Amino acid sequence: MSGAETGGADAAYCAQLVRALDRDRYIADLFAPADRRGALFALHAFNVEVARVREAITNPMAGEVRLQWWSEALIGGARGDVRANPVAAALLDAIEAHRLPRETFFSLLDARIFDLYDDPMPTMNDLEGYAGETSSALIRLAGLVLTGGADRNSADAAGHAGVAYAVAGLLRAFPIHARRGQCYVPLDILASHGLKREDAVSGKASPALRAVLGDMRVLARKHYELALAHLAGRDPALLPAFLPLVLVPGDLARMERAHDPFVSVPAAGPLTRLWHLWRGARQLRAAFDAAPARAG
């Protein structure tokens, strides 16, 4: 098989992986120019792989070994033929073709170590930092792909968008995390309502816990609004990178109506989410076209 055929097979594998396990980003990537989609699929397939390490391991050290493999793959130190892994092969091609900063990937992998353990998230600042190194970083990297490396002014928008999208995702997964003893809800928010880590994983709903999760939704909405504000005047080519953001308000509204926080709230159906993404693209274009707010 030629190099071109191998690259095409790797890209197709990544596209199918993202389509199956990260449908929102898959649809958003389809809004990108055809010659940029392969790199976006590779980037998001990599995220799928590292985000699900916890689900595939029996102990945290095994997870750290897996994340370390990815770090070594990015610097050429992994054992064996790294390019035999289609996601790694496609990601390395994307990094080289679009000159993506490897240090961003290393920081993302370091942040993902938190997922492997049951230690609670200490503070809201720590949660925002975690989201920044993972979700926001993906948006920034996608922005570099979409703008040919010319994206220099969207860091604030990506930062806020990543936090909003990540917090909404963590809230959707709250029942799953609670069942396996994980606590992404910051201890300082829990303490402000007289709760501890144990209350967040107990499986027992309470008015105080509902108030805590309400505070988390407020945090996500705040970053959502800030992200939209910071998109004003930015390059419209960035739209696919930010498109999943438009799903945040609807997800938060569905969770707000839920009575028991330990029962998973069904996500909107695929066609509904597709509709919201298509309609949201128009909303984002309007955000890009808005005049930037002046400081002072």
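Structure's up top.
From a predicted model like this one, the values you see are computed outputs, not experimental measurements.

Engineer: Looking at this model, I keep getting lost on the layout of surface pockets. Mind explaining?
Structural biologist: Where empty space is left can be seen by rolling a probe of water-molecule size over the atoms. Put simply, the largest pocket is a space of about 1200 Å³. If you go around the largest pocket, you meet 33 residues; those closest to its centre are L21, A51, G169, R172 and A173. Considering every element that reaches the lining of the largest pocket, the biggest residue donor is helix α9 (residues 155–172), with five residues. Partitioning the lining of the largest pocket into residue classes produces 15 nonpolar, six polar and 12 charged.

Engineer: Help me understand the nonpolar core in this model?
Structural biologist: Side chains that are nonpolar tend, in soluble globular proteins, to be buried together. One finds F46, W70, F105, F242 and L284 to be the most contacted residues of the largest nonpolar core, which totals 96 residues. Of all the elements, α9 adds the most residues to this core, at 11 residues.

Engineer: Explanation requested: a nonpolar patch on the surface in the structure shown.
Structural biologist: A contiguous nonpolar patch, built from F31, W275 and W278 and spanning about 320 Å² of accessible area, is present on the exposed surface. Its location among the elements puts W275 in helix α16 (residues 270–289).

Engineer: How should I be thinking about helix α8 (residues 124–146) in this particular structure?
Structural biologist: For an α-helix, 3.6 residues make a turn, and residues three or four places apart therefore share a direction. Between the first and last C-alpha of α8 there are 31 Å, a value that for 23 residues agrees with the 33 Å anticipated at 1.5 Å per step. In the structure, α8 departs most strongly from a straight axis at G132, where the bend amounts to approximately 40°.

Engineer: Can you walk me through the environment of R54 in this structure?
Structural biologist: Here R54 lies in helix α4 (residues 53–56). Using a relative accessible area of 16% as the deciding quantity, one classes R54 as buried. Between the C-alpha atoms of R54 and R112, which are 58 residues apart in sequence, the distance is 9.4 Å. Apart from the residues lying within four places of it in its own chain, the contact partners of R54 are D115, L116, Y117, D118, R180 and Q182. At a separation of 3.4 Å, a polar atom in the side chain of R54 contacts the main-chain carbonyl oxygen of L116. Within the structure, R54 has its side chain in polar contact with the backbone oxygen of Y117 (distance 3.4 Å).

Engineer: Could you clarify how one ought to interpret the side chain of R273 in this entry?
Structural biologist: Inspection of the secondary structure assignment puts R273 in helix α16. On the basis of relative accessibility, which here comes to 9%, the residue R273 falls in the buried class. A polar atom in the side chain of R273 sits 2.8 Å from the side chain of D24. Those residues in contact with R273, other than ones at most four positions away along the chain, are D24, L247, D251, R254, A267 and A268.

Engineer: Would you mind going over the packing of aromatic side chains with me for this structure?
Structural biologist: Two numbers describe a pair of aromatic rings. These are the distance of the centres and the angle of the planes. Counted by the stated rule, this structure contains nine aromatic pairs. Directly above the aromatic system of W69 lies the positively charged group of R66, at a separation of 4.9 Å from the ring centroid.

Engineer: Could you clarify how one ought to interpret the packing of α9 against helix α15 (residues 248–256) in this entry?
Structural biologist: Packed helix pairs are specified by the crossing angle of their axes together with the interaxial distance, meaning the distance between the axes. At a minimum axis separation of 10 Å, α9 and α15 run at an interaxial angle of 30°. By the angle between their directions, the pair α9 and α15 is classed as roughly parallel. Crossing geometry of α9 relative to α15 is assigned as left-handed. Of α15, the residues touching α9 (which contributes A164, Y165, A168, L171 and R172) are V248, D251, L252 and M255. Of the residues contributing to the contact of α9 with α15, the split by class is seven nonpolar, no polar and two charged.

Engineer: What's the story with the environment of R66 in this structure? I'm lost.
Structural biologist: For R66, the position within the fold is in helix α5 (residues 60–75). When the C-alpha positions of R66 and L243 are compared, they lie 30 Å apart, and in sequence the two are 177 residues distant. If we ignore the near neighbours within four places in the chain, the residues touching R66 are V53 and N85.

Engineer: Help me understand the side chain of D22 in this model?
Structural biologist: By the secondary structure assignment, D22 is in the loop between α1 (3–21) and α2 (23–30). The class for D22 is buried, based on a relative accessible area of 9%. There is a polar contact of 2.9 Å between the side chain of D22 and the side chain of R25. If sequence neighbours within four positions are ignored, D22 has contacts with L17, N47 and V48.

Engineer: In this structure, what is going on with the packing of α2 against helix α3 (residues 34–51)? I would like to understand it.
Structural biologist: Packing of α2 against α3 brings their axes to within 10 Å, and their N-to-C directions diverge by 170°. The angle between α2 and α3 falls in the class roughly antiparallel. The two elements α2 and α3 meet at a crossing, and its hand is right-handed. Contacts from R25, Y26, D29 and L30 in α2 reach R37, L40, F41, H44 and N47 in α3. Of the residues belonging to the contact of α2 with α3, the class tally is four nonpolar, two polar and three charged.

How each quantity is defined
Residues numbered from 1 in each chain as written. Predicted model: local features only at pLDDT ≥ 70, side-chain atom pairs only at ≥ 80, totals over all residues. Heavy atoms only, no water. 1 Å grid on protein atoms, 1.4 Å probe; cavity = no way out; pocket = protein on both sides within 12 Å on 5 of 7 lines; lining within 4 Å. Points joined across faces, edges and corners; volume = space filled by probe spheres on them. Helix = DSSP H or I, 4+ residues; strand = E, 2+ residues; numbered from the N terminus. Nonpolar A, V, L, I, M, F, W, Y, C, P; charged D, E, K, R; others polar. Core = buried A, V, L, I, M, F, W, Y, C linked by side-chain atoms within 4.5 Å. Buried < 20%, exposed > 50% of the residue type's maximum accessible area, 1.4 Å probe, protein only. Patch = residues over 30% accessible without salt bridge, like charges linked within 9 Å, V, L, I, M, F, W, Y side chains within 5 Å. Areas by Shrake-Rupley, 256 points an atom, 1.4 Å probe, with all protein chains shown as cover. Salt bridge = Lys/Arg side-chain N within 4 Å of Asp/Glu carboxyl O. Expected span 1.5 Å × (residues − 1). Bend = angle between axes of the 7 residues up to and from the residue. Contact = heavy atoms within 4.5 Å. Polar contact = N/O pair within 3.5 Å; in protein donor to acceptor, adjacent residues only side chain to side chain. Phe/Tyr/Trp six-rings, centres within 6.5 Å; stacked < 30°, edge-to-face > 60°. Lys NZ or Arg CZ within 6 Å of the ring centre and 35° of its normal. Axes fitted to C-alpha atoms, helices over the stretch in contact; angles between N-to-C directions. Parallel < 35°, antiparallel > 145°, perpendicular 65-115°, else oblique. Left-handed = near helix turned anticlockwise from the far one by under 90°.

Geometric descriptors of this kind do not, in isolation, establish any biological role.
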